[in-house]
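Read off the chains here:
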Amino acid sequence: MAVREAATVGTPGPRREEEAALLFQRVHYRHDPRWLLPVPRLCLACALELLPEPSVSLLRKKHMLSCFQDALVRHTSLVTQLVSQDQRVCIRFISVLFVIIQLTTQLKLEQTTRCLLDECHKELCNMPSMRGSLATLTLLGKLVDAIPALADELVMEHGNLMEHLLRGLVYPSEGIQASVCYLYGKLYSSPVAAEMLSGHFREKLFPLFLSILDGAQTKELQINCLGLLRQLLKYDLFVSMIMNKDELGESAKNIEGSSGDTSLPLVLKKLLLSRDETLQVASAHCITAVLVHSPAKHAPAFIHADIPEFLFEHLSSSSEMLVWSSYNCLTLLAEEPLFFSKCHTVYGIEAVVRSLQGSLEMNNTELHKQGLLLFTEILTRQPEEIKLFTNSAMCRDAGRALQEAVSSPVLEVAAEAVKATSAFLRKDHQSAPPVQYGELQSLLEAMLNRCAEFSQTLLNRRPLGHASSRNSEKAILQRGKFLLSTLEGFRSACRLAIEFQSEPSAQENPFTAPSAKKEDTLEAFSEFLLSACDSLCIPMVMRHLEQTTHPALMEVFLSILHSLFVIVPHMKEKFSKKLAASSFIRLTLELKARFCSGLSHSALNQVCSNFLYYMCLNLLSAPEKTGPPSEEELSAVSELLQHGLPQISSRSPESLAFLSDRQYMEGAARQRQYCILLLFYLAYIHEDRFVSEAELFEAVQSFLLSLQDQGERPPLVVFKASIYLLAICQDKDNTLHETMVSAVRKFLEGIPDLQLVYTHHPLLLRFFLLYPELMSRYGYRVLELWFSWEESSCEELDDVTSAGQPALPTSLAVLFQLLRSIPSILLILLDLIYSSPVDTAHKVLISLRTFLRRNEDIQVGGLIRGHFLLILQRLLVEHGASPSEASGNLPLLLSLLSLMQLKNVSEQELDSMAMKLLHQVSKLCGKCSPTDVDILQPSFNFLYWSLHQTTPSSQKRAAAVLLSSTGLMELLEKMLALTLAKADSPRTGLLCSAWLLTASFSAQQHKDSLQVHQTLSVEMDQVLKALSFPKKKTALLSAAILCFLRTALRQSFSSALVALVPSGAQPLPAAEDTVLAPLRTSQVQSLVIGLQNLLVQLHVASQPWNRFLLFTLLDAGENSFLRPEILRLMTLFMRYRSSSVLSHEEVGDVLQGVALADLSTLSNTTLQALHGFFQQLQSMGHLADHSMAQTLQASLEGLPLSTSSGQPPLQDMLCLGGVAVSLSHIRN
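This is a predicted model, so every value here is computed, not measured.

Criteria and cut-off values
- Residues numbered from 1 in each chain as written.
- Predicted model: local features only at pLDDT ≥ 70, side-chain atom pairs only at ≥ 80, totals over all residues.
- Heavy atoms only, no water.
- Helix = DSSP H or I, 4+ residues; strand = E, 2+ residues; numbered from the N terminus.
- Buried < 20%, exposed > 50% of the residue type's maximum accessible area, 1.4 Å probe, protein only.
- Contact = heavy atoms within 4.5 Å.
- Areas by Shrake-Rupley, 256 points an atom, 1.4 Å probe, with all protein chains shown as cover.
- Patch = residues over 30% accessible without salt bridge, like charges linked within 9 Å, V, L, I, M, F, W, Y side chains within 5 Å.
- Salt bridge = Lys/Arg side-chain N within 4 Å of Asp/Glu carboxyl O.
- pLDDT = per-residue confidence, 0-100.
- Expected span 1.5 Å × (residues − 1).
- Disulfide = S-S within 2.5 Å.
- Pairing = 2+ DSSP bridges.
- Axes fitted to C-alpha atoms, helices over the stretch in contact; angles between N-to-C directions.
- Parallel < 35°, antiparallel > 145°, perpendicular 65-115°, else oblique.
- Left-handed = near helix turned anticlockwise from the far one by under 90°.
- Nonpolar A, V, L, I, M, F, W, Y, C, P; charged D, E, K, R; others polar.
- Bend = angle between axes of the 7 residues up to and from the residue.

Draft legend 1. Local environment of the overall build of the protein chain. Broken down by element type, the protein chain carries 64 helices and 6 strands. Within the protein chain, the proportion of its 1228 residues that are buried is 52%. Considering only contacts within the protein chain whose residues lie at least 6 apart along the sequence, 75% involve residues at least 24 apart. Summing over all exposed atoms, the protein chain offers an accessible surface of approximately 56000 Å²; the carbon and sulfur share of this is 53%.

Draft legend 2. Structural view of a nonpolar patch on the surface. Taken together, the side chains of M156, V192 and M196 present a nonpolar region at the surface, about 280 Å² in accessible area. Relative to the helices and strands, V192 resides in helix α12 (residues 191-196). When its relative accessible area of 43% is taken as the criterion, V192 is described as partly exposed.

Draft legend 3. Representation of the confidence of the model for the protein chain within the structure. When pLDDT is averaged along the protein chain, the result is 81; 81% of the residues meet or exceed 70. Within the model, the stretch residues 1-21 combines pLDDT values under 50 with 39 contacts to residues more than four positions away or in other chains. Ignoring residues within four places in sequence, the model shows residues 1201-1210, a span with pLDDT below 50, making 14 contacts including any to other chains.

Draft legend 4. Structural view of the side chain of Q231. Its place among the elements puts Q231 in helix α14 (residues 219-232). Those residues in contact with Q231 that lie beyond four places of it in its chain are G185, Y188 and S189.

Draft legend 5. A look at helix α59 (residues 1124-1135). With 12 residues, α59 extends 16 Å from end C-alpha to end C-alpha; this agrees with the ideal 16 Å at 1.5 Å per step. Three or more residues of α59 are buried, namely P1124, I1126, L1127, L1129, M1130, T1131, F1133 and M1134.

Draft legend 6. Spatial organisation of the state of the cysteines. For the structure on display, the rule yields 0 disulfides. C928 carries a free sulfur, and the closest cysteine sulfur to it, the one in C925, is 6.1 Å from it. Residue C928 is classed as buried on the basis of its relative accessible area of 8%.

Draft legend 7. Main features of the pairing of strand β6 (residues 1219-1222). The alternating pattern of β6 places V1219 and V1221 on one face and A1220 and S1222 on the opposite face, and all of these are buried. One ladder, built from 4 bridges, connects strand β5 (residues 1213-1216) with β6; its direction is antiparallel. What sits directly across from L1214, in β6, is V1221. The turn joining β5 and β6, which pair antiparallel and follow one another in sequence, is formed by 2 residues; a positive phi near 60° is taken by G1217.

Draft legend 8. Seen up close, the packing of helix α60 (residues 1144-1156) against helix α61 (residues 1164-1179). Between α60 and α61, the least distance of the axes is 13 Å, while the angle of their chain directions is 140°. The orientation of α60 relative to α61 falls into the category oblique. Our pair here, α60 against α61, has a crossing hand that is left-handed. Here V1147, V1150, L1151 and V1154 of α60 lie close against α61, whose contacting residues are L1170, F1173, F1174 and L1177. Looking at side-chain class alone, the contact of α60 with α61 contains 8 nonpolar, no polar and no charged residues.

Draft legend 9. Looking closely at helix α42 (residues 772-789). Roughly 70° is the biggest bend found in α42, and it falls at Y778. Of all the residues in α42, the buried ones are L774, M775, Y778, G779, V782, L783, E784, L785, W786 and F787.

Structural data, given as structure tokens:
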């Protein structure tokens, strides 16, 4: 349309004389005559309008083009003048020409293309000057760009064209130079053409080219030069030529237009300094193109030109492309050590960190990845002696940028950030005080959480059914790589913590105020590492192992675990135990067996061996169930493990077979056996039983017999492991052969103390006690060790008042089973009570008590009493003067003897052994003072029970024996004189026993007229004072004194044993006193007042506040009414008609609860208290309700026969507050 408007200006109309010309008849009438060319008669305007017209035939267009070509040749200046007169026509003309050329290139008509090339070549050759070559050069460039294959043809068939191009380069027109560079760029884009033109480049083009690029002023020339440079830089040959300019020949240096001082780094530096972003990016691309060939060879030139400085400056640009290009260049430059020694990184690290922070806010994944890659390279390659971060603030900013990056939802970005984190966690990067431990912890948490999140995401996306396994394998591989990178980062943190341990300034923040809480410390960071590994690293790795095992990953993982032993030394034993209990011994051995056979994966083998070595040493140094080895033993084991562990790479069955081999074993093979045995031992101790017990049992036996055959003695730790494994793996129904037992004993005979090979376990106790040959020699020591290590709750076992019996711990269950089958063990236990340390003896005593209470069908009283008699006789012989100093455990033995007496629920004749015991115990008491409460209390209980728990004939004999003990009588007299001492003193219970014994002796002596060897003097005033003014918590003492007074009254105060004497000077007796003799009137009044006070106390039971007390006790727990003390309290309230405390309806609720309870789980004490409660209800007629009576009957029938029938409703012999009491004695 522009042509049409321009051509019609001044046109008068169609002319008939022009009809024969080459015209476009429809529009020609509008064209000015000046567009008509003379020969051939061609209207240039018609030609421009006809050629694009779709309605015109191809033949006509072809003819028009032929004529137009002829006109161009004949009237070049005229056509040029016409076209250039109007810009719109010129543009239209060029568009038409471009359409023609484009049509040619699209159709790729070989003949046409050749014709174009030939014409262009001919045109350039015929030009006297390069002034008019722009169009031709541009046309050639576009042709080669459209048809790349033309580059080879142009070079091969039109070789002298290069000379014309060189002429164009030196022509003083940047437009022509730009076209030449463009065409050169297209030619050098072809590898074949580039190879053919290599000589041309070396000798002629290169010197000119750099000069032109350096001096280019127009952007077109700069861009085309850089385009040519990009093509040249693809080839290593041209890169070497360009970067080694000094090696070019003299002829090349003397070419006209070249500059000898120009170098590529300086030229590109100049472009980097330009303000044009396109040139800056292109320059960075060219630098990158050079460096990819050989950073080591070419980077120094750019570094010496200070290129890195300007690249760092460009990182603050808002152009993502420029920042990305700068990242690329700097990453390659970072491969050259000179980059760091020139301190470019120290200058630019702040720019890198800020750029990272800014780029992470953009949505450009490639930019994130490239920036993190650069940061990783700098952090990794930075020399330790050149500090990268000069202050902690910059280090903190870098850590926060990494924290944001590792949290990226894009996996590739997070993966690069994890690698950068690993490089960041270097001592020289973190040493700027103060060390930012809190920031490091946040960074590691973010990294581990990102890895855990990624792992969990892949697990949740597992393909179901018949989904492609290829995708699943790819996902597992991807997760493994990310996990490996994460573990490497965590390992770097562990290494950092270890290195800082030797830096006093890195222990904590030196700028923290002394009074402030110190949180940002190395210790806190170290504990965080341990916790993070335990809660995140280990679970992630174990989940990954369920799908695949990668040696490199496991190598890093185990090295982390190994380093944690050093990082947190005070937790290494606990951590090792947790690892062993989590099957890490098995895991490590399986890794060695799978990957480390022969010489393969030697690094993994070494890491596995180191990890096992330190874990085993930690476990052996602080064992849970055995004493720690000596320094000597530990040193020997350390050497043994160090040499033996790397040699173990067999699977469990092979290891068992090797352990069972009884052939002659040399030193190295034997050491390997020792290591295998120790590993099995430590695994079994921590409940990781990954080999068959039966097979291991046989293997250990063969191993010990092999040692015996070769006359070897294994290290103590190895023999300890052997004994433990034999005990644990032995089947309950099988026993060791005599040969094996004999071999074990021979090994034990060479050991100075059994403790050196003892490991605490009930089955080891069973092992030593099961075989008489071992028990006779080692029974006492093994029981002593067993009780010293036993941690069962003795107090809970000793609580006989609880509702039901607590379940026995497994360890005690094994011991009790042994006691039932081998009663002679009881004798060893008695010796232990006497001679062991107090805490051990206390455990033995409680265990024996519990055994005797729970096994009432076993009659071992005679056995225990006989052995106790021997112990007592020995004690009195060796320590007759002061028996209280003989053994601190004597009270425990005496309390056990009392328990044995209490266990006899029926009257029995006292045999000769019992009489000897009475004599020895009374003799022991006679040698004690009133302060020996611990000895006297159980002794008095035993004497009292012996008197009241036997037949009348035996009572007479027993009383005679005891009355003959002058020392005992003197002691009783001293005890009775202390009655008015403090009521809360420990002697209160002992005073109760003394009064009860005195009453019993007096009654028995009076009854049988027994001989008295020593009279007891009692001050009557003191006795009456104790009754008249009773102290708190002395009800039992009052009852004992009343029992004595009742006996004295029955004897009319005329006992041959007890003499009532006055206290100090007494007034003359009054007339009425003679009737009351030996009491005076005042004494009788005091006695009456005291008795009245006691009677008043009985009415306290009916007070309403007791209801609150009772229901508070009942709310203490489920079925709390089945506790014996509460049952006795309810019985007491019912006996004293205290309906205000416990109503009729509430009694019914209690009975309903009893009917629903499982009575078979209740102790005898509870059953007896329950029986007494029922008896009280029946005697008081509280069961008028028929349904309640039926409930009671059902409950009574549910009681065991031993309690509900044939037995008294309440046990006669009780122990109240540690004092032996006979209810029949108190009542009667």
